[in-house]
Amino acid sequence: MEKKIAVIKGDGIGPEIVTEALKVLDKVGEKYGHKFEYTDVLMGGCAIDVTGEPLPKETVDVCLASDSVLLGAVGGPKWDTLPGDKRPEAGLLGIRGALKLFANIRPAKLIPALKGACPLKEEITENGLDLVIVRELIGGAYFGKRDTHVDENGVKTASDSMAYSDYEVERIARVAFDMARKRRSKVHSVDKANVLDSSRLWREVTHKVAAEYPDVEFSDILVDNTAMQLVHNPAQFDVIVTENLFGDILSDEASMITGSLGMIPSASLGEGTLGLYEPIHGSAPDIAGQNKANPIATILSVAMMLRYSFDMAAEADAIEAAVDKVLNNGYRTGDIMSEGNKLVSCSEMGDLVAAEI
Ligand code: IPM
Ligand code: MG
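Thresholds, definitions, all that
Residues numbered from 1 in each chain as written. Chains lettered and ligands numbered in written order. Predicted model: local features only at pLDDT ≥ 70, side-chain atom pairs only at ≥ 80, totals over all residues. Heavy atoms only, no water. Phe/Tyr/Trp six-rings, centres within 6.5 Å; stacked < 30°, edge-to-face > 60°. Helix = DSSP H or I, 4+ residues; strand = E, 2+ residues; numbered from the N terminus. Buried < 20%, exposed > 50% of the residue type's maximum accessible area, 1.4 Å probe, protein only. pLDDT = per-residue confidence, 0-100. Lys, Arg positive; Asp, Glu negative; His and termini not counted. Salt bridge = Lys/Arg side-chain N within 4 Å of Asp/Glu carboxyl O. Polar contact = N/O pair within 3.5 Å; in protein donor to acceptor, adjacent residues only side chain to side chain. Contact = heavy atoms within 4.5 Å. Near = heavy atom within 4 Å. Areas by Shrake-Rupley, 256 points an atom, 1.4 Å probe, with all protein chains shown as cover. Nonpolar A, V, L, I, M, F, W, Y, C, P; charged D, E, K, R; others polar. Axes fitted to C-alpha atoms, helices over the stretch in contact; angles between N-to-C directions. Parallel < 35°, antiparallel > 145°, perpendicular 65-115°, else oblique. Pairing = 2+ DSSP bridges. Left-handed = near helix turned anticlockwise from the far one by under 90°.

Next up on the list: the packing of aromatic side chains. Here the structure, examined in full by the defined rule, presents four aromatic pairs. Arranged with centres 5.6 Å apart and planes meeting at 75°, the rings of Y164 and W202 form a pair that is edge-to-face. Linking Y164 in the loop between β7 (156–160) and α6 (166–181) with W202 in helix α7 (residues 197–211), this pair joins segments that are 38 residues apart in sequence. One exposure class covers both Y164 and W202, and it is buried. Seen in terms of ring centroids, F177 and Y213 are 4.9 Å apart; in terms of plane orientation they differ by 25°. Their pairing is stacked. In this pair, F177 is assigned in helix α6 and Y213 in the loop between α7 and β9 (217–222), connecting sequence segments 36 residues apart. Grouping residues by exposure puts F177 and Y213 together as buried. Each residue in the set F177, Y213 and F218 is aromatic and connected to the rest through ring pairs, giving one cluster.

Confidence along the protein chain averages 96 in pLDDT terms, with 100% of residues attaining 70 or more. Taking the mean pLDDT of every element in the protein chain, the minimum, 91, falls on helix α5 (residues 122–125) and the maximum, 99, on strand β8 (residues 186–191).

Looking now at the side chain of R106. For R106, the location among the structural elements is in strand β4 (residues 103–109). For the buried residue R106, which engages in no salt bridge, the nearest side chain bearing the opposite charge is D248, 4.3 Å off. A polar side-chain atom of R106 sits 2.6 Å from a polar atom in the side chain of N104. At a separation of 2.9 Å, a polar atom in the side chain of R106 contacts the side chain of S251. Filtering out sequence-adjacent residues up to four positions away, R106 remains in contact with R96, L131, V132, I133, R135, D248, S251, P265, S266 and I280.

As a structural note, the neighbourhood of ligand 1 is formed by E89, L92, R96, R106, R135, Y142 and D248. Between ligand 1 and R106 there is a distance of 2.8 Å, counted from an oxygen atom to a side-chain nitrogen or oxygen. Contacts to ligand 1 include D248, whose side-chain N or O atom sits 2.9 Å from an oxygen atom. A total of 320 Å² of accessible area belongs to ligand 1 in isolation, and the protein chains cover 75% of it. No other element matches the three residues that helix α4 (residues 88–98) contributes to the shell around ligand 1. Of the residues belonging to the shell around ligand 1, the class tally is two nonpolar, no polar and five charged.

Before going further, it helps to spend a moment on the packing of helix α8 (residues 223–232) against helix α9 (residues 244–258). Contact pair α8 / α9: the axes reach a minimum separation of 10 Å and the direction vectors enclose 10°. Between α8 and α9, the interaxial angle falls into the category roughly parallel. Facing V223, T226, A227, L230 and V231 of α8, the residues of α9 in contact are F246, L250, E253 and I257.

Spatially, ten strands are ordered β2-β1-β3-β12-β11-β4-β5-β10-β8-β9 in an open sheet, and the strand pairing comes out mixed. Each having just a single partner strand, β2 (35–40) and β9 make up the two edges of the open sheet. Sheet twist, expressed as the mean angle between neighbouring strand axes with direction ignored, is 25°. Sheet topology places β8 next to β9; six bridges connect them, and they run parallel. If you follow H188 over to β9, its bridge partner there is S219.

What follows deals with the side chain of T125. Looking at where T125 falls in the secondary structure, it is placed in helix α5. For T125, a relative accessible area of 6% corresponds to the buried category. Apart from residues no more than four positions distant in its own chain, T125 is found in contact with L110, C118 and L120.

What follows covers the packing of helix α10 (residues 296–308) against helix α11 (residues 313–328). For the pair α10 and α11, interaxial distance at closest approach is 7 Å and the crossing angle is 160°. One finds that α10 runs roughly antiparallel with respect to α11. Pair α10 / α11 crosses with left-handed handedness. Across the interface between the two elements, I296, I299, L300, V302, A303, L306 and R307 from α10 touch A313, E315, A316, D317, I319, E320, V323 and L327 from α11. Class assignment for the residues of the contact of α10 with α11 results in eleven nonpolar, no polar and four charged.

And the structure:
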């Protein structure tokens, strides 16, 4: 097969980790007879430096004309003082919106070889941790109406409105239920229906969708309780579906529980097969350019791309198995290093994984 991939290397460690992910993808292409064609485009801080905009129109056009998009990371202290709509993060929100990527899939899984990195007591994680957060990605407070104003008394007020329409809840709920059917058939829908109207609508719609999936075990859970349950008994979760802001927060919490933020990939999907794939970690400006970053989350993001956008399950399995093999052989980047293992650089990690394909 031939596939066109738009590549957004981004800022900080972005270029390093994407280079390693493409190394692995090229190896997959060679081994399985696919041709992956890459087009580099700018987004985030590097785009601001060159064009003055975090998301140039050309980037959106190239992404829309591609079969999928691979993203490293955006942002850094250099651009932190810019106004909200000119920051690198605005580019990320903009591309999600422009490509209509409403479903963000974030798996959090305890990898046996990295068990030691989990910050929870062993008695809490003895039943494992293997969940997926399905986060609504283009609605809610991140895309609602914003306002900052000063009134006649000099009082400054800022607001962000969290709005959801029924169809937005319905389509993300379906993604979660379909995913649960391929996993352990369990969905927790997270909301704050004891306080928020948008959550009450969320609950009404998710219940309607749940009725169409009688084979899937379904429950509501409040977001504050979810935060608590994630550290109390994470094994109870299979698929968690939630709105944008809650999903942003809970996915960081869940990833921390795995002990290895540098390991977690993500997929952002819309109605079609075009998706955007990126590690969930940030641009780590403190170690940028030092060949120290962990490229595994980006490599695993490529595996998700193969699985979800290209329907190449065997190829995706091959990448995941290669990563497992390299970890089982004791190779570690600094962020996941522990006693008795072998410390490798970002590019060495890419070489090791590519060699196992
Ligand atoms: C994420 C990030 C982004 C988000 C930021 C950088 C805009 O935290 O992907 O989780 O909040 O969606
Ligand atoms: Mg986040």
